[in-house]
Amino acid sequence: MQISTGDILRQAVADQTTLGRQAGDFIKSGALVPDDLIIDLIAERLRQPDCAKGFLLDGFPRTIPQAESLDALLNKLALSLNCVLSVQVPRAVIIERLAGRRTCKQCGALSHVVFEPSKQPGVCDCCGGELFQRDDDREATIANRLTVYEKQTAPLVDYYRRQGALREIDGVGSIDEIRSRVMTALGGLVP
Ligand code: AMP
């Protein structure tokens, strides 16, 4: 089961739930949503039956307090992390990838204006839905997200290195090359 805090938050914003109203402005500006909101969200999500056979967390934790809360939560659930993956990509490549990323409004499929263009500009190859650019994938917001990453998220690399859970991979290359590095790093954890 893949759990993406970004996807959950974007859905909450679209549905105008209480969480969505609390998180919307943070997401738009590229800032992190406050830890207490995210920690409650994950605590609730990991207790769902579809997580019983294992899960992959995408975009969480992003701060040391989130990582510490995750440790406490996993402890309570008698679970532990098998692996933490750090994908290394130079700043210029990240900007190029995010600025060209397009998402389908209907099915959520991703494409890229340069690396994986849709057959018809603005139209999803999978379902014919409309492609859009995430607000936070605009260049000024990307720069802010990278600054936030350096300040608040980068310290997690050492945190998990000390726990012996960290595996690092080179994130430069084709989608197939990187997928294969990820699968090797996960070493059979994903069926
Ligand atoms: P993502 O899709 O993972 O890039 O997340 C998009 C945005 O959602 C981030 O820039 C944050 O504003 C918010 N977000 C996602 N995950 C977290 C998290 N673990 N902690 C705080 N904010 C988050």
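Basis of the calculations
By convention here, each chain's residues receive numbers from 1 onward along its written sequence. Local features in this predicted model are restricted to residues of pLDDT 70 or higher, and side-chain atom pairs are both shown and tallied only at a pLDDT of 80 or more, whereas totals for entire chains, interfaces and linings draw on every residue. Based on all heavy atoms of the structure, the side-chain values leave hydrogens and waters out of the count. Helix and strand assignments follow DSSP, with helices taken as H or I runs no shorter than four residues and strands as E runs no shorter than two, numbered in order from the N terminus. Both definitions apply: the radius of gyration is a C-alpha atom measure, and the globule rule equals 2.2 Å times residues to the power 0.38. Using a 1.4 Å probe on the protein chains alone, a residue whose accessible area is under 20% of its type maximum counts as buried, one over 50% counts as exposed, and one in between counts as partly exposed. A contact between two residues is defined here by any heavy atoms of the two lying within 4.5 Å. Throughout, the Shrake-Rupley method with a 1.4 Å probe supplies accessible areas, and for residues the shown protein chains are the sole cover considered. Positive charges come from Lys and Arg, negative ones from Asp and Glu, while His and the chain ends are left out of the count. Throughout, a charge is located at the NZ atom of Lys, the CZ atom of Arg, the CG atom of Asp or the CD atom of Glu. Only when DSSP finds a minimum of two bridges between them are two strands counted as paired. For the domains described, the bounds stem from an automatic or database domain assignment. By buried area we mean how much accessible surface two parts lose on assembly, using a 1.4 Å probe and totalling the loss over both. Salt bridge criterion: a side-chain nitrogen from Lys or Arg within 4 Å of a carboxyl oxygen from Asp or Glu. Polar contacts here mean pairs of N or O atoms no more than 3.5 Å apart (in protein, one a potential hydrogen donor and the other a potential acceptor; neighbouring residues in sequence count only if both atoms are side-chain atoms). Every angle, taken between N-to-C directions, lies between 0 and 180 degrees, and every axis is a line fitted to C-alpha atoms, over only the stretch in contact when it is a helix.

## With respect to the overall build of the protein chain
Phase 1 of the analysis: The helix and strand inventory of the protein chain stands at eight helices and seven strands.
Phase 2 of the analysis: At 17 Å, the protein chain has a C-alpha radius of gyration in line with the 16 Å of a compact globule built from 191 residues.
Phase 3 of the analysis: With the C-alpha coordinates of the protein chain rotated into their principal frame, the extents come out at 50 × 40 × 35 Å.
Phase 4 of the analysis: Per-residue burial over the protein chain gives 35% buried out of 191 residues.
Phase 5 of the analysis: Residue pairs in contact within the protein chain that sit at least 24 positions apart in sequence constitute 61% of those at least 6 positions apart.
Phase 6 of the analysis: Summed over all atoms, the accessible surface of the protein chain reaches about 11,600 Å², with 53% contributed by carbon and sulfur.
Phase 7 of the analysis: Distance between charge centres in the protein chain, computed from 23 positive and 25 negative side chains, equals 1 Å.

## Concerning the pairing of strand S4 (residues 101–104)
Phase 1 of the analysis: Pairing of S4 with strand S5 (residues 110–112), which is carried by three bridges, proceeds in the antiparallel orientation. Of the residues in S5, the one forming a bridge with Arg-101 is His-112.
Phase 2 of the analysis: With antiparallel pairing between neighbouring strands as the criterion, S4 and S5 make up a hairpin whose turn holds five residues, including Gly-108 at a positive phi of roughly 80°.
Phase 3 of the analysis: Pairing of S4 with strand S6 (residues 131–132), which is carried by two bridges, proceeds in the antiparallel orientation. Bridging from a neighbouring strand, Thr-103 pairs with Phe-132 of S6.

## Looking at the domain arrangement of the protein chain
Phase 1 of the analysis: Per the domain assignment, the segments of the protein chain are domain 1 (1–81) and domain 2 (89–170).
Phase 2 of the analysis: Listed by partner, the interface residues are 16 residues for domain 1 and 14 residues for domain 2.
Phase 3 of the analysis: For the domain 1 and domain 2 pair, buried surface summed over both sides reaches about 1,200 Å², with 55% attributable to carbon and sulfur atoms.
Phase 4 of the analysis: Across the contact surface, domain 1 and domain 2 share zero salt bridges.
Phase 5 of the analysis: Seen at the junction of domain 1 and domain 2, the total is four residue pairs in polar contact (both at pLDDT 80 or more).
Phase 6 of the analysis: Broken down by secondary-structure element, the contributors of at least two residues to the side of domain 1 that touches domain 2 are helix H2 (18–29) and helix H4 (64–76).

## Comments concerning the sheet that holds S6
Phase 1 of the analysis: Read across the open sheet, the three strands follow the order S5-S4-S6; overall the sheet is antiparallel. Strand pairing shows two members of the sheet lacking a second neighbour, S5 and S6, which therefore form its edges.
Phase 2 of the analysis: Across the face of the sheet, helix H5 (residues 91–99) comes into contact with S4 and S5 while running at roughly 35° to S4.

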